[in-house]
Amino acid sequence: MASSENIIYRAGVDYESRPMVVICACNLPDPSLVDYDTILRVVLAQLEQFVENDYTVVMFSGGAMYRPGWRWLFKAYRSLNRRYKKNLKALYIVHPSTWPRLILGTMNAVISPKFGAKVHYIDNLSHLARVVPLNQINIPAAVYQHNLKFEDTITLPDNQQDHASRVFGAPLERLMGPSGEKGLPKFLQDCIRNLIENGLYVEGLFRRSPNSAMLKQVRAAYNRGNPVNLAEYDIHISAVLLKLFLRELPEPIFPVDLYGLLQQQKRDDQTKTLVEFIRTEVVANVTHNNLILMMELFRLLKLVADRHESNLMTAHNLAIVVTPNMLRHEDVMQEIALSSVSRQDKDSIVDGALTLGTVVKVMIEHYDEVF
């Protein structure tokens, strides 16, 4: 059975500081396997926590695989006695289909016209953002997917355009504090945790691309400050979000002045010497925030590479796909050259210079020695 926490849960507060309760039809289980009367009791028990004070309900109707019959809907409506209806200030039904509109409209007209005035039908998430703070709600993946049928981009009103919540393109100093005192941003923690828990054995991790429309939705959700449950999405979204974050940093994780140092590094047959160079000349000279980010990122990449027999992503393959997101050069051809990865450490010199791609590969392979 789907967890009751996925069907009904507390969100933040609305524009008048009233608590919001979210009901998700997309998380309703198969009625042939679960007694919907049990679900009704769970929903009513959850609502009991709010009925003594004013509250708002947001119901996501779209994206549902299973829908209760009209008899059950009528029973659920009748179960909402005066205690539940009195302090309910608004019921927003998002992505309503014709059938729920017809049933609810009929019951409101016949049973409680006064309650019917509290019901509002919301066509899309941009519309919802105009009536409640969207960044206060954990919106399920199925709802984002369903919303794409009506709009490609969610537009926020001016009062919700909080640029301080922006993650992508924001400097690490703002996200982590000048000296990293805020720690790793929650967005990065979410991505890394999800990849470790659900993605280490997935073939092509960090190489394959997810659905671009859903990737755009999740990226925008994080930039709005929405809570996001990445476990609901294609695992490749978490990997690509990490790469996008690195690519869009105002300053690359490997500073520009490092490139000249790499070009001066001469060929050496001993991997140990290259590891020492990376530890003393590369890692030791990055900012504290970059160091925190590097340690967590390369720890993840090491875990992925250690399982390359399953996921086919060796340290070499990982370096190929992640390095271009870690550097920035005004000369595109130089950027491509710096991103190249040698097959062997002793062949790590291209035109007499060490490449950043090879540095990244060695940092993955020798994580414990480098950090």
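The rules behind these values
Residues numbered from 1 in each chain as written. Predicted model: local features only at pLDDT ≥ 70, side-chain atom pairs only at ≥ 80, totals over all residues. Heavy atoms only, no water. Salt bridge = Lys/Arg side-chain N within 4 Å of Asp/Glu carboxyl O. Helix = DSSP H or I, 4+ residues; strand = E, 2+ residues; numbered from the N terminus. Pairing = 2+ DSSP bridges. Axes fitted to C-alpha atoms, helices over the stretch in contact; angles between N-to-C directions. Patch = residues over 30% accessible without salt bridge, like charges linked within 9 Å, V, L, I, M, F, W, Y side chains within 5 Å. Areas by Shrake-Rupley, 256 points an atom, 1.4 Å probe, with all protein chains shown as cover. Buried < 20%, exposed > 50% of the residue type's maximum accessible area, 1.4 Å probe, protein only. Parallel < 35°, antiparallel > 145°, perpendicular 65-115°, else oblique. Left-handed = near helix turned anticlockwise from the far one by under 90°. Contact = heavy atoms within 4.5 Å.

In the annotation of an unreviewed UniProt entry, the entry for the chain reads Rho GTPase activation protein, and the organism field reads Linnemannia exigua.

Undergrad: I'd like a description of the pattern of salt bridges, backed by residues and values.
TA: Using the criterion set out here, one finds ten salt bridges in the structure. Residue Glu-248 pairs with Arg-219 through a salt bridge whose shortest N-O separation is 2.5 Å. With Glu-248 in helix 12 (residues 235-248) and Arg-219 in helix 11 (residues 212-224), this residue pair connects regions lying 29 residues apart in the sequence. Among the charged side chains, a salt-bridge network with shared partners connects Asp-14, Glu-16 and Arg-18.

Undergrad: I'd like a description of the sheet that holds strand 3 (residues 55-60), backed by residues and values.
TA: Here we have five strands laid out as an open sheet, ordered 1-2-3-4-5, and mixed in their pairing. Taken across any chain shown, the strands that pair with only one partner, and hence form the sheet edges, are strand 1 (8-13) and strand 5 (119-122). Taken over all neighbouring pairs, the strand axes of this sheet differ in orientation by 25 degrees on average, direction set aside. Bridge count between strand 3 and strand 4 (residues 88-94): six bridges; the pairing is parallel.

Undergrad: Describe in detail a nonpolar patch on the surface, supporting the description with residues and values.
TA: A cluster of nonpolar side chains, contributed by Val-332, Met-333 and Ile-336, occupies part of the molecular surface with about 330 Å² of accessible area. Position of Met-333 relative to the elements: it lies in helix 18 (residues 332-339). For Met-333, a relative accessible area of 59% corresponds to the exposed category.

Undergrad: Quick rundown of the packing of helix 10 (residues 186-198) against helix 15 (residues 288-305)? Include the residues and the values.
TA: Packing of helix 10 against helix 15 brings their axes to within 10 Å, and their N-to-C directions diverge by 15 degrees. When the interaxial angle is binned, helix 10 and helix 15 end up roughly parallel. In this structure, the crossing between helix 10 and helix 15 has a hand that is left-handed. Side by side, helix 10 and helix 15 meet where Leu-188, Ile-192, Leu-195 and Ile-196 of the first sit next to Leu-293, Glu-296, Arg-299, Leu-300 and Leu-303 of the second.

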